[in-house]
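Commentary on secondary and tertiary structure
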Amino acid sequence: MKHYIETSDAVLNELKTTKDGLTKSEAEARLEKNGKNKLAEGKKETLIMRFLKQLAEPMTIILIVAALISGILAIVEREFPTDVIIIMAVVLINAVLGVVQESKAEKALEALEKIAAATSKVIRDGHQITIKSEDLVVGDIIVLEAGDAVPADARIIECASLKIEEAALTGESVPVDKKESALEAGANGDVPLGDRKNMVFMGSTVVYGRGKAVITATGMDTEMGKIADALSNAQEGKTPLQMKLSQLSKILTYLVIGICVVVFGINIIRSLVEGNGIEFDTVLDTFMVAISLAVAAIPEGLATVVTIVLSIGVTNMSKRNAIIRKLTAVETLGCTQIICSDKTGTLTQNKMTVVEHFGADEKMLAIGMSLCSDAEFDTDANTAIGEPTECALVNYAEGLKLSKNEQKKIYERIGEVPFDSMRKMMSTVHNNNGSLIQFTKGAPDEILKRCVSVYENGEAVALTEEKRAEILGANKNMADKALRVLAVGFKNHTKEPDEYEAEKLENDLCFIGLVGMIDPVRPEVKPAIDECRSAGIRPIMITGDHKDTAVAIAMQLGIIESADQAITGAELDNISDDDFDAFVEKYSVYARVQPEHKTRIVNAWRKKGKVTAMTGDGVNDAPSIKNADIGVGMGITGTDVTKNVADMILTDDNFATIVSAVGEGRRIYDNIRKSIQFLLASNLSEVLTIFFATLFGFSIFKPVHLLWINLITDCLPALSLGMEKAEGDIMKRKPRDSREGIFAGGLGINVVYQGILVTVITLVSYFIGANVLAEMHHAEAIAAGTYTANGLGTSMAFLTLSMAEIFHSFNMRSLGKSIFKMKKQNIWLWGAAALSLLLTTLVIEIPFLADAFELAHLDLMEYGIAIALALCVIPVVEIVKLITRVIAKKK
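Rules used in this analysis
- Residues numbered from 1 in each chain as written.
- Predicted model: local features only at pLDDT ≥ 70, side-chain atom pairs only at ≥ 80, totals over all residues.
- Heavy atoms only, no water.
- Helix = DSSP H or I, 4+ residues; strand = E, 2+ residues; numbered from the N terminus.
- Buried < 20%, exposed > 50% of the residue type's maximum accessible area, 1.4 Å probe, protein only.
- Contact = heavy atoms within 4.5 Å.
- Pairing = 2+ DSSP bridges.
- Axes fitted to C-alpha atoms, helices over the stretch in contact; angles between N-to-C directions.
- Polar contact = N/O pair within 3.5 Å; in protein donor to acceptor, adjacent residues only side chain to side chain.
- Phe/Tyr/Trp six-rings, centres within 6.5 Å; stacked < 30°, edge-to-face > 60°.
- Core = buried A, V, L, I, M, F, W, Y, C linked by side-chain atoms within 4.5 Å.
- Patch = residues over 30% accessible without salt bridge, like charges linked within 9 Å, V, L, I, M, F, W, Y side chains within 5 Å.
- Areas by Shrake-Rupley, 256 points an atom, 1.4 Å probe, with all protein chains shown as cover.
- Salt bridge = Lys/Arg side-chain N within 4 Å of Asp/Glu carboxyl O.
- Expected span 1.5 Å × (residues − 1).
- Parallel < 35°, antiparallel > 145°, perpendicular 65-115°, else oblique.
- Left-handed = near helix turned anticlockwise from the far one by under 90°.
- pLDDT = per-residue confidence, 0-100.

Describing the side chain of Thr657
Tracing the backbone through its elements, the reader meets Thr657 in helix α25 (residues 655-696). Residue class for Thr657 comes out buried when judged on its relative accessible area of 7%. If near-sequence neighbours (up to four positions away) are discounted, Thr657 is found in contact with Arg320, Asn321, Ala322, Leu650 and Asp652.

Here's what the structure looks like:
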């Protein structure tokens, strides 16, 4: 059926539905039969493919090759292939961990997508409800309003000034005016897609007006589905930090490979100088050490650790009402310097209540306000539902025993001119037993401009200058009390208007009165504003409200100290861009603004080099949200359009949630820096230990030792550091510079000295074991050939290096503060330390494992010395931190 050339009634009959919508049971049956209202997704990789991709990493391939060569040698020499088993075990464990981590990150993102899933307003069983868009079925009646994304293809059955943006589908840049009536088919019996004025299509957006439509196609049966056979969700690009780390890993790879070549060359040259020639075993052993060194020293897990920490952080934020849609936002949040916030619902509770009125006839005032609104009174919930301001008006009338449900039966609405932010008003026309009356409500100054009379004692009297001044005075009195003020007027018609256009209807009105409403400040916002101040973040209030109202709320919250710091949209229009750029720092409150003013405000702050966050909910807020460094969409009042361009969505529309997210962003970035410093210092110590051992002419570690250290003492603590709680002063610091590099703040210097420190401690442990304790404790075994000094030295160095890295991870809990002054404990890090100590001890002390790793048994004294040396890393780093703090304090 070509629904667009049929009447709406015929379409409803064809789809076996009514204007009251489907029943719940019928909708469930149709959903079961036809499937979800979703476009087909690209096929996901299987577990086997993911596993193979892990094995296909270049360095992993090199390690596998090394294992194969070692295996061939073991077969030739008829030895048990211990190295092969251990190397391949490490490779497989790493691959499995990689797959598990990847799956966890994917599940976390899928969970967030479910939380942020698109919803639609639908009529079922005669009641309007909100459901996930993917659960819509053919025959559902959907309700469309400005800012909504159209969830499926549908035939319009009712509309008022409805305009749809269809550029994504038809390429038409101008919004299309829609209508309900059937279309006439062309000569070919059809109507081109772009001319189907009574249809709405998946992927388009409502930019004006409202309407209802019956769904005719869902999912892949829609016009959008026909264009795309399969549409995969856009993959999240790498964040700037991840890209920097990838580049860093490449640089380190080349450096380490260079060191490996040098180590390989030194061993070969030494063999030649000593007159041993180049033996196959010598070449193979040197090759294995060089390859293992490369794999152990390159921080391959760095990017993975960062991704996991980001993913965990994003999940934590979602539990605290902030849904991050782009990973880049997590990094940028920590740099935020300016937060531009809407007032209503974000700084306040969005629970408007009428507390004052002005006008000769309160009954007429309440009826006009209630009828000229789209909010409805829900008798079950005993409150109005809809836009908060309009809910306050409907509840106001209900409190006067003038229920809208009863009044709309008396005054049947026959037409309307919807509200828009340019006119700041809306109008409705009603039929009362043949008498036609129009109510127009909106901003008092705008309504008053269009009034010629005042309603007093049941009749219209002339609007004199004295009466105008009295009305304006009442308006100011309410506004001075931080009340939101609306006015309403009326106009009688002898016949129904030919066209419902603002220019023709909204004039020659009779003024009825004013109502003043209060939207209480959220109790948690004032502390959040104070926290902003201490964190070096400047809060900016942007509102469509009257300047007096905005100033009163802003002063109550501590955003401004005087009215001089506030400016109106009209005043802003009279300021050039250059002048505004020069004086933008003067203003913290913007009142009576249009959506385009938001873009100017954002751009002015960004020209100052400030990282700016901007909140928004309306369809016209999308440009400013997109221009901001952090676009914040409202989860409750926000339109689909603004949510789709936002970097972050607040599920509670609360300013305090933004500040909380900034703190979480700072914590995540802090922890990532801690993990980076720890991993780089650890890997540097491994490289330097092997390098200097080679220069001094002895072998300190076998390939399996390096692989073990890399697996156990690197990854676990690094991930544990990512779970570290925020430091106490995290919201008392100034925002970091967004252009700040990875090694800023002395991180590069710290990596170098800490890497050298662990290297020295490890080599000292080796020399004590090989040159002192071996002769003291094992002279007879060494003489008998059952024990070697090098074996003892290697075992002690292995234990020292392993535990030094673990102990050093505790240093990294704070990059500047003493760890002994940290009140909270990181149970994950303690768990990683305990597990590493246990596993490393088992490898040394259990005979068959010690033989496999070619490690010597340690007695209690040797074990104690190795651990004591490892512990030295904590006091040395503590002393350096203290010196750094003293120098910083003097500066």
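A closer look at the sheet that holds strand β24 (residues 630-634)
Spatial ordering of the open sheet is given by β8-β25-β24-β23-β9-β20-β22-β21, a layout of eight strands whose pairing is mixed. Strands with a single pairing partner mark the edges of an open sheet, and in this sheet they are β8 (322-324) and β21 (566-568). Taking the axes of each pair of neighbouring strands and ignoring which way they run, one obtains an average angle of 20° across the sheet. Judged from the two bridges that link them, strand β20 (residues 538-542) and strand β22 (residues 589-591) form a sheet pairing that is parallel. Within β22, the position partnered with Met541 by the bridge is Val589. In the packing of helix α22 (residues 595-607) onto the sheet, contacts are made with β9 (338-342), β20, β22 and β23 (612-616), and the angle to β23 comes to roughly 170°.

A closer look at the environment of Asp445
By the secondary structure assignment, Asp445 is in helix α15 (residues 444-449). Classification of Asp445 as partly exposed rests on a relative accessible area of 33%. Engagement of the side chain of Asp445 in a polar contact is seen with the side chain of Arg592, the distance being 3.3 Å.

Section: the pairing of strand β3 (residues 141-145)
A large share of β3 lies buried, amounting to four of its five residues. Relative to β3, strand β1 (residues 119-124) runs antiparallel, the two sharing three bridges. The residue of β3 that forms the bridge with Val122 is Ile142. Sheet analysis places β3 next to strand β7 (residues 205-217), joined by five bridges and oriented antiparallel. Among the inter-strand pairings, Ile141 is bridged to a residue of β7, identified as Val214.

Things to note about the packing of aromatic side chains
Following the criterion strictly, the structure yields eleven aromatic pairs and no others. Between the aromatic rings of Tyr411 and Phe439, the centroid separation amounts to 6.4 Å while the plane-to-plane angle is 70°, which identifies the pairing as edge-to-face. Placement of Tyr411 in the loop between α14 (404-410) and β13 (412-420) and of Phe439 in strand β15 (residues 435-442) is noted, with a sequence separation of 28 residues between them. Of the two residues, Tyr411 and Phe439, both sit in the buried class. Ring centres 5.4 Å apart and planes at 85° place the aromatic pair Tyr455 and Phe490 in the edge-to-face group. Of this pair, Tyr455 sits in strand β16 (residues 451-456) while Phe490 sits in strand β18 (residues 484-493), and the two are 35 residues apart along the sequence. Like Phe490, Tyr455 is buried.

Structural notes on the nonpolar core
One finds Ile559, Met648, Phe655, Ile676 and Ile700 to be the most contacted residues of the largest nonpolar core, which totals 115 residues. Counting residues per element, this core draws most heavily on α25, at 15 residues. Not counting the four nearest positions on each side in its chain, Ile676 is found in contact with Leu241, Leu245, Leu302, Ile742 and Leu747. Counting 26 residues, the second largest nonpolar core, distinct from the first, contains Ile367, Ala392, Leu402 and Phe490.

Concerning the pairing of β1
With five of its six residues buried, β1 lies for the most part within the structure. Once β1 ends, the chain turns through two residues before running back antiparallel as strand β2 (residues 127-132), passing Asp125 with a positive phi of about 55°.

Re unusual backbone geometry
Phi at Ser161 is positive, roughly 50°, even though this residue is not glycine. In the Ramachandran plot, Lys401 falls in the positive-phi region, its phi being about 65° despite a non-glycine side chain. Within the secondary structure, Lys401 is located in the loop between α13 (388-399) and α14. Since its relative accessible area comes to 75%, Lys401 is described here as exposed.

Brief notes about a nonpolar patch on the surface
Together, Leu716, Leu835, Leu838 and Leu842 line one region of the surface with nonpolar side chains, adding up to about 300 Å² of accessible area. Tracing the backbone through its elements, the reader meets Leu835 in helix α29 (residues 827-845). The class of Leu835 is partly exposed, set by a relative accessible area of 39%.

Points about α13
Within an α-helix, residues lying three or four positions from one another point in the same direction, as the helix has 3.6 residues per turn. With twelve residues, α13 ought to run about 16 Å at 1.5 Å a step, and its terminal C-alpha atoms sit 16 Å apart, in line with that. Buried residues dominate α13, accounting for nine of its twelve residues. Within α13, the full set of buried residues consists of Pro388, Thr389, Glu390, Cys391, Ala392, Leu393, Val394, Tyr396 and Ala397. Regarding α13, its N-cap is Glu387, as a side-chain oxygen of that residue lies 3.1 Å from the backbone nitrogen of Thr389 further along.

Here we look at the pattern of salt bridges
Throughout the structure, instances matching the rule amount to 42 salt bridges. Measuring nitrogen to oxygen at the nearest pair gives 3.2 Å for the salt bridge that ties Asp420 to Arg423. Ionic pairing is found between Lys547 and Glu571, a salt bridge with its closest N-O pair at 3.9 Å. Taken as a pair, Lys547 in helix α19 (residues 547-557) and Glu571 in helix α20 (residues 569-573) lie far apart in primary sequence, 24 residues in all. Given a relative accessible area of 35%, Glu571 falls into the partly exposed group.

Regarding the packing of helix α16 (residues 465-480) against α19
Two elements in contact, α16 and α19, have axes separated by 8 Å at closest approach and are oriented at 15°. Taken together, the axes of α16 and α19 lie roughly parallel to each other. The two elements α16 and α19 meet at a crossing, and its hand is right-handed. When α16 is examined against α19, the residues Lys476, Ala479 and Asp480 are found in contact with a partner set consisting of Asp548, Thr549 and Ala552.

Quick look at the confidence of the model for the protein
Per-chain confidence: the protein averages 85 in pLDDT, with 91% of residues scoring 70 or above. Note on residues 230-236: pLDDT is under 50 here. Beyond four places in sequence and across chains, it has 13 contacts.

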